[in-house]
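# Observations on chain architecture
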Amino acid sequence: MPQTAPDGPRPPADKTLLEAALRRGQARLRDAGVEAPRGDARLLLAAALGLRSGEPMMAGERALTPAERRRFDALIERRCCREPVSRILGRREFWSLDLAITPATLDPRPDSETLVEAVLGRIEDHDRPQWVLDLGTGSGNLLLAVLAALPAAWGVGLDRDTAALAAAARNAGRLGLAGRGAFVASDWGAALAGNWDVILCNPPYVRTGDIGGLAPEVARFEPRGALDGGSDGLEAYRRVVPEVARLLAPDGLAALELGAGQAATVAGLARDQGLEPRDCLPDLAGIQRCLLLGHQRGRQKGSRR
Ligand SMILES: C[S@@+](CC[C@H](N)C(=O)[O-])C[C@H]1O[C@@H](n2cnc3c(N)ncnc32)[C@H](O)[C@@H]1O
């Protein structure tokens, strides 16, 4: 007697069902050394099916169409070459903002949200007009997160990479923040003057010699100019800290992102420029990640010892 499955007729044996495709993708990613193969395979399958982020995938078991199967295989292949899921999808969520990322922009890290949280937590009146400067803006993540939270603020995102600036400007437009943000090509602060209430900066801070030893997702796919901090990892800070001292308003607040173990040295560079470390905050892993700076109290802005 012919058998039927309890839940209804089975699809033909040559069709790949969603769950089977997921398991196959997961196994390929695991073999390639990917850290979270199941979660990544799910995200890539959702993308192959054309689902929007967060849309449920398994509303019922079904077979993939040949086109979906080809798309999924191609995405899995890219991830097997250790391209991060965020780069494959071209998107990253940062501070609840949906950002587009491109090969020219750093993939924003959750660690960098420490800067946003620190700055927003120290501004008492979020409705007060503020001038915000983001040095090395990349995708615009830091600037746009702060502008989104401060409705009367206006800001500039600066980068030397014009392709990154174009991506940041597109993100500002998509988030409805283009009217309060401008994007400027400059070698650090060279193109700017003024008194900025808030300065944000996540500079390149990896030692040149350490880049090759980073995870393939970082070493192969992040723009080199967003990582390379020179032989001791501190070259950008030596240039940025004097710019912060020059551009920060007398009562302004600057937030610099730090690499692991850099806090004391960068705080010393800041003191040499007449800045005062106000706080140093850890990221979720407990690494000193955000150095908050103001002008030394009782000193004229711009005066040197
Ligand atoms: C670590 S990434 C930070 C990107 C983004 N702000 C973030 O937090 O994800 C450093 C950024 O600084 C930019 N940059 C490096 N050297 C620069 C320079 N001399 N002048 C301006 N921007 C520079 C890079 O192009 C890159 O976008």
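Note that the structure is predicted; figures quoted are calculated from it, not measured.

## So, the nonpolar core
- Core analysis: the biggest nonpolar cluster contains 57 residues, and V119, V146, I199, L200, V244, A255 and V266 have the highest contact counts within it.
- Among the elements that make up this core, the one with the highest residue count is helix α10 (residues 235–247) (seven residues).
- Sequence-distant contacts of A255, that is, excluding residues within four places in its chain, are made with L115, A118, V119, L200, C290 and L292.

## Let's talk about the site of the ligand
- Near the ligand, the surroundings consist of 19 residues, among which G136, G138, R160, N202 and A226 are the closest.
- Contributions of two or more residues to the shell around the ligand are made by α6 (141–149) and α9 (224–227).

## What to know about the pairing of strand β2 (residues 97–100)
- In this sheet, β2 lies alongside strand β1 (residues 91–94) in antiparallel orientation, the contact comprising four bridges. Directly across from E93, in β2, lies its bridge partner D98.
- From the end of β1 to the start of β2, which pair antiparallel, there are two residues, and W95 there has a positive phi angle of about 50 degrees.

## Quick word on the domain arrangement of the protein
- With domains assigned, the protein is organised as domain 1 (18–81) and domain 2 (92–295).
- Here the C-alpha centre of domain 2 lies 34 Å away from the C-alpha centre of domain 1.

## A few points about unusual backbone geometry
- Phi is positive for W95, which is not a glycine, with a value near 50 degrees.
- Position of W95 relative to the elements: it lies in the loop between β1 and β2.
- Given 20 C-beta atoms within a 10 Å radius, W95 is considered buried.
- Residues other than glycine seldom take positive phi values, yet W188 does so here, at roughly 45 degrees.
- Position of W188 relative to the elements: it lies in the loop between β5 (181–185) and β6 (196–201).
- What makes W188 buried here is the crowd of 20 C-beta atoms within 10 Å.

## A look at the sheet that holds β5
- Here seven strands make up an open sheet; going across it, the order is β5-β4-β3-β6-β7-β9-β8 and the pairing mixed. Each edge of the open sheet is held by one strand with a lone partner, namely β5 and β8 (275–282). Put simply, the sheet's adjacent strands are angled 20 degrees from each other on average, direction ignored.
- Across the sheet, helix α7 (residues 162–174) lies against β4 (154–159) and β5, angled at about 175 degrees from β5, the strand it touches most.

## Observations concerning the packing of helix α1 (residues 18–31) against helix α2 (residues 37–48)
- One way to put it is that α1 packs onto α2 with a least axis distance of 8 Å and a crossing angle of 130 degrees. It follows that α1 is oblique to α2 by the angle criterion. Between α1 and α2 the crossing geometry is right-handed. When α1 is examined against α2, the residues A21, L22, G25, Q26, L29 and R30 are found in contact with a partner set consisting of P37, R38, D40, A41, R42, L44 and L45.
- By residue class, the composition of the contact of α1 with α2 is seven nonpolar, two polar and four charged.

## Let's talk about the pairing of strand β3 (residues 131–135)
- Summarising burial for β3: four of the five residues are buried, a large majority.
- Since β3 and β4 lie parallel, the crossover through α6 that links them has a hand, and here it is right-handed.
- Strand direction decides the pairing type here: β3 and β6, joined by four bridges, are parallel. Note on β6: the bridge partner recorded for L135 is C201.

## Structural notes on the packing of α1 against helix α3 (residues 66–80)
- Running from N to C, α1 and α3 point in directions that differ by 20 degrees, and their axes come no closer than 9 Å. With respect to α3, the axis of α1 lies roughly parallel. Crossing angle aside, the handedness with which α1 passes α3 is right-handed. Taking contact as the criterion, the partners of A21, G25, R28 and L29 in α1 are, on α3, R69, F72, I76, R79 and C80.
- In terms of residue class, the contact of α1 with α3 is built from five nonpolar, one polar and three charged.

Calculation criteria
- Residues numbered from 1 in each chain as written.
- Predicted model: local features only at pLDDT ≥ 70, side-chain atom pairs only at ≥ 80, totals over all residues.
- Core = buried A, V, L, I, M, F, W, Y, C linked by C-beta atoms within 7 Å.
- Buried ≥ 20, exposed ≤ 12 C-beta atoms within 10 Å, placed from the backbone.
- Helix = DSSP H or I, 4+ residues; strand = E, 2+ residues; numbered from the N terminus.
- Contact = placed C-beta atoms within 7 Å.
- Near = placed C-beta within 6 Å.
- Pairing = 2+ DSSP bridges.
- Domains from an automatic or database assignment.
- Axes fitted to C-alpha atoms, helices over the stretch in contact; angles between N-to-C directions.
- Parallel < 35°, antiparallel > 145°, perpendicular 65-115°, else oblique.
- Left-handed = near helix turned anticlockwise from the far one by under 90°.
- Nonpolar A, V, L, I, M, F, W, Y, C, P; charged D, E, K, R; others polar.
- Right-handed = clockwise from strand over helix to strand, strands pointing away.

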